[in-house]
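Reading the structure
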Amino acid sequence: MTGKDAEVKLPRTTRVKNKTPAPVQITAEQILREARERQEAEIRPPKQKITDSTELSDYRLRRRKEFEDQIRRARWNIQVWVKYAKWEESQMDYARARSVWERALEGEYRNHTLWVKYAEFEMKNKFVNNARNVWDRSVTLLPRVDQLWEKYIYMEEKLGNVTGARQIFERWMNWSPDQKAWLCFIKFELRYNEIERARSIYERFVLCHPKVSAFIRYAKFEMKRGGQVKLAREVYERAVDKLANDEEAEILFVSFAEFEERCKEVERARFIYKFALDHIRKGRAEELYKKFVAFEKQYGDKEGIEDAIVGKKRFEYEDEVSKNPLNYDSWFDYVRLEESVGNKDRIREIYERAIANVPPAQEKRFWQRYIYLWINYALYEEIETKDVERTRDVYRECLKLIPHTKFSFAKIWLLAAEYEIRQLNLTGARQILGNAIGKAPKVKIFKKYIEMELKLVNIDRCRKLYERFLEWSPENCYAWRNYAEFEISLAETERARAIFELAISQPALDMPELLWKTYIDFEISEGEFEKTRALYERLLDRTKHCKVWISFAKFEASASEHKEDGIKSARVIFDRANTYYKDTTPELEEERATLLEDWLNMETGFGELGDVSVVQSKLPKKLKKRKMTSREDGSTEYEEYFDYLFPEESGTTNLKILEAAYKWKKLKGEECV
């Protein structure tokens, strides 16, 4: 057999050539109807008529044999037993039926349905004692099945045996059933107007099931049966003593308050609401707050309504801070609410809870809102409670908590020091600021410390602080300038000059132009013009900025005793600057143009002594040009800008144009030849 023969050949698909619809259409309904008509009739056994006792005996024997065979095959099948027993019952053979039930219960005595059907069989055929026997056996074997007890009691009550039914209830209660069973017992007693018995059952009920719903039912029973207000109140009070911390305590307090409200005891109801709001966790008291607000709107005055509204807001804030304790804005709002109420203990409690939520990461951005909780706490203790030691403790604990090795807050150090100053404790303030400089030095702290010592006229301390400041931050021009100005204010000219010299000799400065300007102004104020000129020359060695040249020229114009000499010196400086820009840095066209404009303005300001023509011949022409730039998307556009054309450049440009024209003419002549 070849591989080709072994291949499975699939049938070829049939092509439908004629796709036109058939002349007679058949619906699905017709197909179903025809199928139903063609079905064969169901074969049923013929009905038998029994005419004598022999046939009846044979029939019964045959049916019993069938049932027994079924039981032998499936003893576990309850339906077989039930059908067997009911068939025996239909044959009026009650003894055999009872025997079948007993045989079924031997193997399935835990099946309460069998017990119910067995007892109903006895009841239906009026075998009362047998039914009692069955019920009694069932509740003894299955005491946790409520249905058996209920049907047993129902039978006794229907028979008028109230005492027997009560005894069955008592037997049932010994098993501590659920609430439904106790309520059935109570309803039973109330049907026969046994109030005291019902009350005693309620007492046992709340002992067996000490739940909120049980006590509320008991209290409502007392109110409904004779309006026993005192007894109902005692029930509620017992419930509050036992279940004040229960999960359903909110329902209990609301029911208690509504009970007092119905009894026209408004103050009692208000006290219950407030007691509940203080003892129930805020997350479970939403309904309680709504009820309290509605109660105050109905019975309360203006203050009561405000208290209720505050309570509702308090609940909302508690919910917010419990969901996200690191949301410091919610804590701020919560504290503000409590401060409007004015309860000091509660305000402190909220502050303590708020500051306990330390940011999880040691990064300054996470602490910036948190630190204001401490600040507000300290200010509250100082201003509102006027507790000096507590305020000091707040600042101390806050400073301990901050990781100063990673970041710090100058504001906290300064507030703590200012507080000690207000308490006239200069030693404490100095200690705080000294610790701040040692642990986390900052510019603000140095400024404040120096300012404090300056007000106290402690010159030596100020000098030491400035020295410490400059050791920590030698590039800080603000510190150098202030130190020098401090010495100038003390008429220590040489000290100030030495400080300026030290400052400008630093390799790196954050604002050198400020420092040089201050030094130059100092020398000018002292009348040391030669030293000022030397300073300008030293500055020009470091930078050739146009502002330095202009300032130097203006100084020369104003420094000389004779105005003409000053003007000549200023012109020399401007000319030096112009030559520098022209020869050394020709690309700085804009700075050179600015310099020449200032020179022209100065010559104009000299009046008759000025010579404008000296500058005008050097002024550039301002030209507007366009250049092509590319955008982010790849397209191009033209951008306008200003360029400057100086006189020496215009001559060069003209020569280039002439050279280009000469070359073009020469090229044309060669082509003609």
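We now turn to the structure provided with this report. (Residues numbered from 1 in each chain as written. Predicted model: local features only at pLDDT ≥ 70, side-chain atom pairs only at ≥ 80, totals over all residues. Heavy atoms only, no water.)

1. A short note on the packing of helix H23 (residues 410-422) against helix H25 (residues 443-455)
A pair of packed helices is captured by two measures, namely the crossing angle of their axes and the spacing between those axes. At a closest axis distance of 9 Å, the pairing of H23 and H25 adopts a crossing angle of 20 degrees. If you check the angle between H23 and H25, you find them roughly parallel. Here H23 and H25 pass one another in a crossing that is right-handed. Residues Ala 410, Trp 413, Leu 414, Glu 418 and Ile 421 of H23 form the contact with H25, whose own contacting residues are Lys 444, Ile 445, Lys 448 and Met 452. Taken together, the residues that form the contact of H23 with H25 break down as six nonpolar, no polar and three charged. (Axes fitted to C-alpha atoms, helices over the stretch in contact; angles between N-to-C directions. Helix = DSSP H or I, 4+ residues; strand = E, 2+ residues; numbered from the N terminus. Parallel < 35°, antiparallel > 145°, perpendicular 65-115°, else oblique. Left-handed = near helix turned anticlockwise from the far one by under 90°. Contact = heavy atoms within 4.5 Å. Nonpolar A, V, L, I, M, F, W, Y, C, P; charged D, E, K, R; others polar.)

2. Focus: the pattern of salt bridges
Applying the stated rule across the entire model yields 47 salt bridges. Across the pair Arg 191 and Glu 157 runs a salt bridge, and its minimum N-O distance is 3.1 Å. Within this pair, whereas Arg 191 is found in helix H10 (residues 179-191), its partner Glu 157 is found in helix H8 (residues 146-158), the two being separated by 34 residues in sequence. By relative accessible area, which is 52% here, Arg 191 ends up exposed. (Salt bridge = Lys/Arg side-chain N within 4 Å of Asp/Glu carboxyl O. Buried < 20%, exposed > 50% of the residue type's maximum accessible area, 1.4 Å probe, protein only.)

3. Points about the nonpolar core
In terms of nonpolar packing, the biggest core is built from 94 residues, with Trp 331, Leu 373, Ile 412, Ile 445 and Leu 515 touching the most fellow members. The element that contributes the greatest number of residues to this core is helix H31 (residues 546-559), accounting for nine residues. Leave out the neighbours within four places in its chain, and Leu 373 touches Tyr 328, Trp 331, Phe 332, Tyr 351, Ala 354 and Ile 355. Judged by nonpolar contacts, the second largest core, of 80 residues, contains Ile 71, Tyr 84, Trp 101 and Phe 188. (Core = buried A, V, L, I, M, F, W, Y, C linked by side-chain atoms within 4.5 Å.)

4. Observations regarding the layout of surface pockets
Empty space within the largest pocket amounts to approximately 440 Å³. Residue lining of the largest pocket: 20 residues in total, with Glu 513, Trp 516, Lys 517, Leu 539 and Val 548 positioned closest to the centre. Broken down by secondary-structure element, the contributors of at least two residues to the lining of the largest pocket are helix H29 (512-525), helix H30 (529-542) and H31. Counting residues per element, the lining of the largest pocket draws most heavily on H29, at seven residues. When the residues that make up the lining of the largest pocket are grouped by side-chain class, the tally is 11 nonpolar, four polar and five charged. (1 Å grid on protein atoms, 1.4 Å probe; cavity = no way out; pocket = protein on both sides within 12 Å on 5 of 7 lines; lining within 4 Å. Points joined across faces, edges and corners; volume = space filled by probe spheres on them.)

5. Considering the packing of aromatic side chains
In this structure the tally under the stated criterion is 37 aromatic pairs. Taking 4.6 Å as the distance between ring centres and 0 degrees as the angle between the ring planes, the aromatic pair formed by Phe 446 and Phe 469 counts as stacked. Of the two residues, Phe 446 sits in helix H25 while Phe 469 sits in helix H26 (residues 459-472), which places them 23 residues apart along the sequence. By relative accessible area, which is 0% here, Phe 446 ends up buried. Within the aromatic cluster, the residues linked to one another by ring pairs are Trp 149, Phe 169, Trp 172, Phe 185, Phe 188 and Tyr 192. (Phe/Tyr/Trp six-rings, centres within 6.5 Å; stacked < 30°, edge-to-face > 60°.)

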